[in-house]
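So the chains spell out like this:
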Amino acid sequence: MNVLITGTSSGIGKACAEYFLKKGHRVYGFDRNDFAISDENYTHFCLDIRNKTAYPELPNMNIIVNNAGVQNKDDIDVNLKGTIAITEYYGMNPDIRSIVMIGSASGHTGSEFPEYAASKGGILAYTKNVAMRLAKYQATCNSLDFGGVMTELNRPVMENPALWNEIMKLTPLKRWMCVEEAAEWVYFVSVINRFCTGQNILIDGLEAGNCNFIWPDNAD
């Protein structure tokens, strides 16, 4: 299948591209940085997803993984508007099989920086909008809303022992997801799954659902 993945130079996007290539698919990658993957079935385009005039003409995509994202003043423009632009340009075709949005647990909880949380909250609603419109193609659209993932973007807390210990106190599984696990989720929901659609799937090691029932140990 033809697979378009945004943000493929590092992190989750790179892991997804490598996983789909391993499974024998043709992958097209978009990123503002140069390519980091050498494979005969991989084609890299160095571009900013906000710049619609830079979008190349590609064969109809079967799968789109909207992974590109930032955590700065451009959150809304890149994470939300850029995702919408890519989806509307490449996703609305009769050959589409699945579109996956890489959301965030912050879209559910409102945590993290204000514009980042807002951008990911928008992704949750947009996922449902796209799912409704793709149904006529028998195609699916879901968001995978990850909590902590071991990526370059998260180095400021991963490399700070005090902050890391605080995070682990909030995470029942006492670890974060690696990018390979994230890629497996993307592959499952886009290739293996054929019926689940319009869902915002929270995958955070139970961090958002962490609650403690307080009650005396010796009470009946």
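- The protein has the name SDR family oxidoreductase in an unreviewed UniProt entry, where Candidatus Ruthenibacterium merdavium is given as its organism.

**Digging into the packing of helix α2 (residues 75–91) against helix α4 (residues 114–134)**
Logical step 1: Direction vectors running N to C along α2 and α4 enclose 15 degrees, while the axes themselves pass 8 Å from each other. Put simply, α2 runs roughly parallel to α4. Considering the relative orientation of α2 and α4, their crossing is right-handed. Contacts between α2 and α4 involve Asp 75, Ile 76, Asn 79, Leu 80, Thr 83, Ile 84, Thr 87, Glu 88 and Gly 91 from the first element and Glu 115, Tyr 116, Ala 118, Ser 119, Lys 120, Gly 122, Ile 123, Tyr 126, Val 130, Arg 133 and Leu 134 from the second.
Logical step 2: In the contact of α2 with α4, the residues fall into 9 nonpolar, 6 polar and 5 charged.

**Details of the packing of helix α1 (residues 11–22) against helix α7 (residues 179–192)**
Logical step 1: The geometry of α1 relative to α7 is characterised by a closest axis approach of 8 Å and an angle of 60 degrees between their N-to-C directions. On the basis of their axis angle, the class for α1 and α7 is oblique. For the crossing formed where α1 meets α7, the hand is right-handed. In this structure, α1 contributes Gly 11, Ile 12, Ala 15, Cys 16, Tyr 19 and Phe 20 to the contact, and α7 contributes Val 179, Glu 180, Ala 182, Ala 183, Glu 184, Val 186, Tyr 187, Ser 190 and Val 191.
Logical step 2: Taken together, the residues of the contact of α1 with α7 break down into 11 nonpolar, 2 polar and 2 charged.

**Some details on the nonpolar core**
One broad trend across soluble globular proteins is that nonpolar side chains are buried collectively.
Logical step 1: Of all hydrophobic cores here, the largest spans 28 residues; its most connected members are Ile 5, Phe 20, Val 27 and Phe 146.
Logical step 2: Ignoring sequence-local partners within four residues, the contact set of Val 27 consists of Val 3, Ile 5, Ala 17, Phe 20, Leu 21, Asn 41, Tyr 42 and Thr 43.
Logical step 3: In terms of nonpolar packing, the next biggest core, distinct from the first, is built from 26 residues, Tyr 28, Met 61, Leu 80 and Ile 99 among them.

**Observations regarding unusual backbone geometry**
Logical step 1: Positive phi, close to 75 degrees, is recorded for Glu 112, a residue that is not glycine.
Logical step 2: The class for Glu 112 is partly exposed, based on a relative accessible area of 44%.
Logical step 3: We note that Gln 138 has phi near 60 degrees; this positive angle belongs to a residue other than glycine.
Logical step 4: Relative to the helices and strands, Gln 138 is located in the loop between α4 and β6 (140–146).

**Description of a nonpolar patch on the surface**
Logical step 1: The grouping of Trp 185, Phe 188 and Ile 192 at the surface amounts to a nonpolar patch, some 300 Å² of accessible area in total.
Logical step 2: Looking at where Ile 192 falls in the secondary structure, it is placed in helix α7.
Logical step 3: Ile 192 sits in the exposed class, given a relative accessible area of 52%.

**Topic: the sheet that holds strand β2 (residues 26–31)**
Logical step 1: Pairing is parallel in the open sheet, where 7 strands are placed in the order β3-β2-β1-β4-β5-β6-β7. The open sheet terminates on both sides in strands that have one partner only, identified here as β3 (42–46) and β7 (200–203). Each adjacent strand pair in this sheet contributes to an overall mean axis angle of 15 degrees, direction not counted.
Logical step 2: Relative to strand β5 (residues 98–102), strand β4 (residues 63–66) is paired through 4 bridges, and the arrangement is parallel. Bridge pairing links Ile 64 to Ile 99 in β5.
Logical step 3: The strands that α1 touches are β1 (2–6), β2, β3, β4 and β6; relative to β1, the one it contacts most, it runs at about 165 degrees.

**Some remarks on the pairing of β2**
Logical step 1: Most of β2 sits inside the fold, with 5 of its 6 residues counted as buried.
Logical step 2: The β-α-β motif built from β1, the intervening α1 and the parallel element β2 has right-handed crossover chirality.
Logical step 3: With 5 bridges joining them, β2 and β3 adopt parallel strand pairing. The residue bridging Phe 30 from the neighbouring strand is Phe 45, located in β3.

**Points about the packing of aromatic side chains**
Logical step 1: Per the stated rule, a full pass over the model turns up 9 aromatic pairs.
Logical step 2: Note on Tyr 55 and Tyr 89: the rings are 5.2 Å apart at their centroids and 75 degrees apart in plane angle, and the pair reads as edge-to-face. Taken together, the residues Tyr 55 in the loop between β3 and β4 and Tyr 89 in helix α2 connect sequence positions 34 residues apart.
Logical step 3: The class for Tyr 55 is buried, based on a relative accessible area of 6%.
Logical step 4: Pairing Tyr 55 with Tyr 90 gives two aromatic rings, centres 5.8 Å apart and planes at 35 degrees, and the pair type is tilted.

Calculation notes
- Residues numbered from 1 in each chain as written.
- Predicted model: local features only at pLDDT ≥ 70, side-chain atom pairs only at ≥ 80, totals over all residues.
- Heavy atoms only, no water.
- Axes fitted to C-alpha atoms, helices over the stretch in contact; angles between N-to-C directions.
- Helix = DSSP H or I, 4+ residues; strand = E, 2+ residues; numbered from the N terminus.
- Parallel < 35°, antiparallel > 145°, perpendicular 65-115°, else oblique.
- Left-handed = near helix turned anticlockwise from the far one by under 90°.
- Contact = heavy atoms within 4.5 Å.
- Nonpolar A, V, L, I, M, F, W, Y, C, P; charged D, E, K, R; others polar.
- Core = buried A, V, L, I, M, F, W, Y, C linked by side-chain atoms within 4.5 Å.
- Buried < 20%, exposed > 50% of the residue type's maximum accessible area, 1.4 Å probe, protein only.
- Patch = residues over 30% accessible without salt bridge, like charges linked within 9 Å, V, L, I, M, F, W, Y side chains within 5 Å.
- Areas by Shrake-Rupley, 256 points an atom, 1.4 Å probe, with all protein chains shown as cover.
- Salt bridge = Lys/Arg side-chain N within 4 Å of Asp/Glu carboxyl O.
- Pairing = 2+ DSSP bridges.
- Right-handed = clockwise from strand over helix to strand, strands pointing away.
- Phe/Tyr/Trp six-rings, centres within 6.5 Å; stacked < 30°, edge-to-face > 60°.

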